[in-house]
Structure formats: structure tokens, C-alpha cells
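Residue-level listing of the chains:
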Amino acid sequence: MSEVKFSKEHEWITLEGEVATIGITKHATEMLGDIVFAELPEKGKNVEKDGTAGVVESTKAASDVYTPISGEVVDVNQSIVDDPAKINEDPEGAAWFFKLKVKDLSELDTLMNKEEYEKFAKETSS
Amino acid sequence: MIKKTPLYNLHIQHGAKMVEFAGYQMPIQYKSGIIQEHKFTRENAGIFDVSHMGQLFITGSDQLTDDLEKIFPVNLKNLKINQSKYSFLMNEQGGIYDDLIITKLKDGYLIILNAACKKQDFEIIKKKLDYKYELNLDESLSLIAIQGPKAKDVLGKVVSNITNLKFMNGGEFEYDNLNIYITRSGYTGEDGFEISLENKNVEKFVDQLINYGAKLIGLGARDTLRLEAGLCLYGNDLDEKTSPIEANLKWAIPKSRVDSDYPGSNIIKKQIDDGVKTLRVGIKPETRVIARGNTKIFDQNDKEIGKVTSGTFGPSVECSIAMGYVENNYSPTNTKIFLEVRGKKVPANVCDLPFYKKNYVKGEKNV
């Protein structure tokens, strides 16, 4: 599996072959608070880089989930729709959001590595 | 300038995330988060800093009672000393400037006002009383609520003799050789108390409550608790264009006052006699989707019939809950309605309030 990459919208992405797995970061869940609702894209749908690909709601507010790269949705994680609290428990593991068949691998180059993201997250939250 | 309550430092010490609310820096949540804080209040005892709310003292005797009855649609003559009533400050159109709790004291009245409304309320009330009385919106006092099934036990360890208080009644109590004022009331659907005491004593007082097992709870859980209990939030569910009758709060206007004079009384009487066009109802979406304030409500023929005024996830009822206003013929329980969330129509049902119910300590109807 590839190195984890991160977007400015606080999504993480890993690549296995031509399929990418996408979720939201721990930092994002800490900012959101208790997540009580999740909506995921439909399987088979084509999503565009930086476009909306889902919604999470905490007790406080709703936030869009964006896709950091373009592709076709090949799988979604129904378990987080059924039990959104899982997103707070393991956001960067079991609580992934959706998988994409990647359209253009070079889009990954625009994303941050872990170190860059941690610095970005720290700067933007203070 | 954003104000701080005297408990600001304690909130920070306990890991509060602070937000601006009604001109004050207030804790929205602490480290454990809204859901845990909510559940802790339902099972134990939660402490709420509500010092941003207005504590308005009006000094006077029988003439003051007469004059206040011309302002508030409530029966103050029959009120015993230390007894409280829920009421409204209204405009001539029957709309609500604020919802409030009025308590009769030995030498006048105490009115608890919403933080965002208190300055305007003060001016309106002062003017309506023709500047005849001494009004004191007392900023030297803090207000603390302790709510939950263990509230009486925890508070009872810090203040003696509180368990005899009945719901919507208050009294003077002794704490650390000081007189403090406590009412049995709240905004969570739980048994609980509100304690008014001097700013300089409040941190020590709250520290003691914490030592006996209560926990600080933020505004986030205060909102989910009150919504589960079916209670209105001024500014969301009530405003200057909404009457108590439309808000389904007719119970708060006693029959004995329906024919007497107060601001908006003609309109209220007409609404009681003829009915209203829209009514506040409870709403349960059929999915987990949360319908927040201003979500449009439709019937099955796509006709717009109202809007949501408050909506959240209810941690104790474990489902999405909301309140809103619908055209009167859609107000019966179990009426099927649709909520437009992010462009999709989510099926929902009109339901009875509250969403969450507990038995109260004997006394009066909850507000």
C-alpha cells in the first residue's frame, strides 16, 4: 500500500493498485466533535477532484466531505452510515468512507504527506 | 468587547472549547464531548454555567403585582412568595420578545431573562412600568444550574434542606454563611436546581459540586437536552413574529388572564377562540438525517407547509429529532411530512412532545 496522503479539506487517501481508499482525518473528527450522521456517494458514481462526495454531521453542524482525487466510486463503508460514532473511534482505519477507481494518478502529487499535513492542521486550527 | 462569566477560568481548566454566545465567551463542550455530557446529565448530575442569563430584580408591593400583570399574561396575584411561573414578554401583535421565568419574592419579583434579550427586555419592562420601580439587572450575581437525577444529592451535600423544594418553587438557603437563592427548575427535562449567588463565591461553589461527583456541561449538550425535552429555544423556536398560541404554549397563559389586558391580549384571545394558521410540532425524521433550523417542510404533494426551527440528534432517544412550525391541518400526531435536506425530501412524521420524558418531583408542569 502506498504512503498516506492528505488534502487541505482534511481527507486522507491511500492507494492499492488503481483503487484509492478515502476517509477523514483524526484532526477533522476532533474539530467536528461527536459525529451522528454520515452520507456516502453512490457506487458507480463518478466524482471529480475537490468535489462533494458525502456529508458528515456532528451534534453541532453539517460538513461536506470532498474527494481529494477524481474517479469512480467502487465501494462505500456502510458500517459508518449505520453507526456514525465509529468515525470518531477509528477515523484513519476501520471508518474509511469510500473507495475510488482512480482516474488520474498524477492528481495524488498535489496532496500533502503526513508531515506536511500535520503542520498544515496545526497552523489552520490555531 | 466579549464578556466572560466568573467561571471562565474554571471552564478553561476543565478543557472547555469556548464559543461566543450572546456576547459572552461560553463553553460549547468539554473534553468528553456533547454526547457523553448529555448522557451524564440524564444519569448523574450536570452543572451548567448560565451566568450570561439576566437576573432582573424589581422591587415593589401590591401595586407592582398589578402593574406586572399588565405586562405578563400570568396570574401573579395568586402566586405565593418563592413560587415561579413561565411566561412571556410580548409585543402588541402577540409576538414574543422573550420567554422567561418570573418568581415572587418577599419584596418584589425576580425575572430570569435570556442572555441575548436581557438588555432589550430591561428597557421594555422599565418603560412599561412607567419608571415607577427600582429595576436591577444584577451583574454581581452568577447563575448555575445543576440538573439530573443526582442533582438533589450532590447539591444537598453543599447546601442543607434543599430536598423539600418543589418544582417551580424557590427559597433562600445558606451556603458558607452567605444567603443564596435556589429554585427547583431547569431546561433539560430532568429534576434540578438553579442557584443564584455572588460572583466571588461561584467558583468555590462549583468546585465543591464537582468534588461531589457533578460535571461541567457545555451549551452543546444543553441544546440537545432541551430539545429532547421539547423545550423552546428563544431565537430558534420563538421570536417576535410568533405567538405563544402558535408555539403551542397556551398552557402557560392561565384561563383567568385570557380576557384581561396585556400586550397582544386581543390577538391571543382571538387565536384561542378561532385557532391559528401554524402550530409548533415535534418532528421525527424516518432516517438518521438531521433537519436543522430553516429546513423546509413539505406535504406529500410537494406543497410547502412550514419550516424546522430546531433539529439535532437526540443522544438519549438515539434518533434524529426536530421541532418546527407547520400549517395547522398538518399538526396532528403521525401526519406524514417531508423535510428538504440537501436537495432531497426526507420522510418524517409529526410526533408528540417531549421526545424524552421523565417523572418530575411533584409540583408544577415542566417548562
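Residues numbered from 1 in each chain as written. Chains lettered and ligands numbered in written order. Predicted model: local features only at pLDDT ≥ 70, side-chain atom pairs only at ≥ 80, totals over all residues. Heavy atoms only, no water.

Concerning the overall build of chain A
Point 1. When its secondary structure is counted, chain A shows four helices and nine strands.
Point 2. For chain A, the sequential pattern of α-helices and β-strands runs β-β-β-α-β-β-β-β-β-α-α-β-α.
Point 3. The C-alpha atoms of chain A give a radius of gyration of 13 Å, which matches the 14 Å a tight globule of 126 residues would have.
Point 4. Dimensions of chain A, computed from C-alpha atoms along their principal axes, come out at roughly 35 × 35 × 25 Å.
Point 5. Sequence-distant contacts in chain A: of pairs separated by 6 or more residues, those separated by 24 or more amount to 59%.
Point 6. Counting every atom, chain A has about 6200 Å² of accessible surface; 47% of that belongs to carbon and sulfur.
Point 7. Of note, chain A has its 14 positive side-chain charges centred 2 Å away from the centre of its 27 negative side-chain charges. (Helix = DSSP H or I, 4+ residues; strand = E, 2+ residues; numbered from the N terminus. Rg over C-alpha atoms; globule rule 2.2 N^0.38 Å. Contact = heavy atoms within 4.5 Å. Areas by Shrake-Rupley, 256 points an atom, 1.4 Å probe, with all protein chains shown as cover. Lys, Arg positive; Asp, Glu negative; His and termini not counted. Charge placed at Lys NZ, Arg CZ, Asp CG, Glu CD.)

As for the pattern of salt bridges
Point 1. All told, the structure shown has 30 salt bridges over all chains when counted by the stated rule.
Point 2. Across the pair A:K114 and A:E118 runs a salt bridge, and its minimum N-O distance is 3.6 Å. Of this pair, A:K114 and A:E118 both sit in helix α4 (residues 114-125), four residues apart, which is roughly one turn of that helix.
Point 3. When its relative accessible area of 46% is taken as the criterion, A:K114 is described as partly exposed.
Point 4. The exposure class of A:E118 is partly exposed, given its relative accessible area of 46%.
Point 5. Between B:R226 and B:D237 there is a salt bridge, and its shortest N-O distance comes to 2.8 Å. Taken together, the residues span a long stretch of sequence, with B:R226 in helix α7 (residues 219-228) and B:D237 in the loop between α7 and α8 (265-274) at a distance of eleven residues.
Point 6. Relative accessible area serves as the criterion here: at 0%, B:R226 is assigned to the buried category. (Salt bridge = Lys/Arg side-chain N within 4 Å of Asp/Glu carboxyl O. Buried < 20%, exposed > 50% of the residue type's maximum accessible area, 1.4 Å probe, protein only.)

Details of the environment of B:L100
Residue and element names in this part refer to chain B.
Point 1. Considering the arrangement of structural elements, one finds L100 in strand β7 (residues 96-105).
Point 2. Its relative accessible area of 2% is what places L100 among the buried residues.
Point 3. Filtering out sequence-adjacent residues up to four positions away, L100 remains in contact with F72, K85, Y86, S87, F88, L89, I111, I112 and L113.

A closer look at the domain arrangement of chain B
Residue and element names in this part refer to chain B.
Point 1. Once the domains are mapped, chain B shows domain 1 (3-52 + 139-228), domain 2 (55-136) and domain 3 (277-351).
Point 2. Spacing between the C-alpha centres of domain 1 and domain 2 amounts to 24 Å.
Point 3. Counting from both sides, the interface comprises 16 residues of domain 1 and, opposite them, 18 residues of domain 2.
Point 4. For the pairing of domain 1 and domain 2, the buried interface totals around 1200 Å² over both sides, and the portion due to carbon and sulfur atoms is 53%.
Point 5. One can count seven residue pairs in polar contact (both at pLDDT 80 or more) joining domain 1 with domain 2.
Point 6. Mapped onto the side of domain 1 that touches domain 2, the elements with two or more residues apiece are β10 (141-147), β11 (170-175) and β12 (178-183).
Point 7. The residue makeup of the side of domain 1 that touches domain 2, split by class, is six nonpolar, seven polar and three charged. (Domains from an automatic or database assignment. Buried area = accessible area lost by both parts, 1.4 Å probe. Polar contact = N/O pair within 3.5 Å; in protein donor to acceptor, adjacent residues only side chain to side chain. Nonpolar A, V, L, I, M, F, W, Y, C, P; charged D, E, K, R; others polar.)

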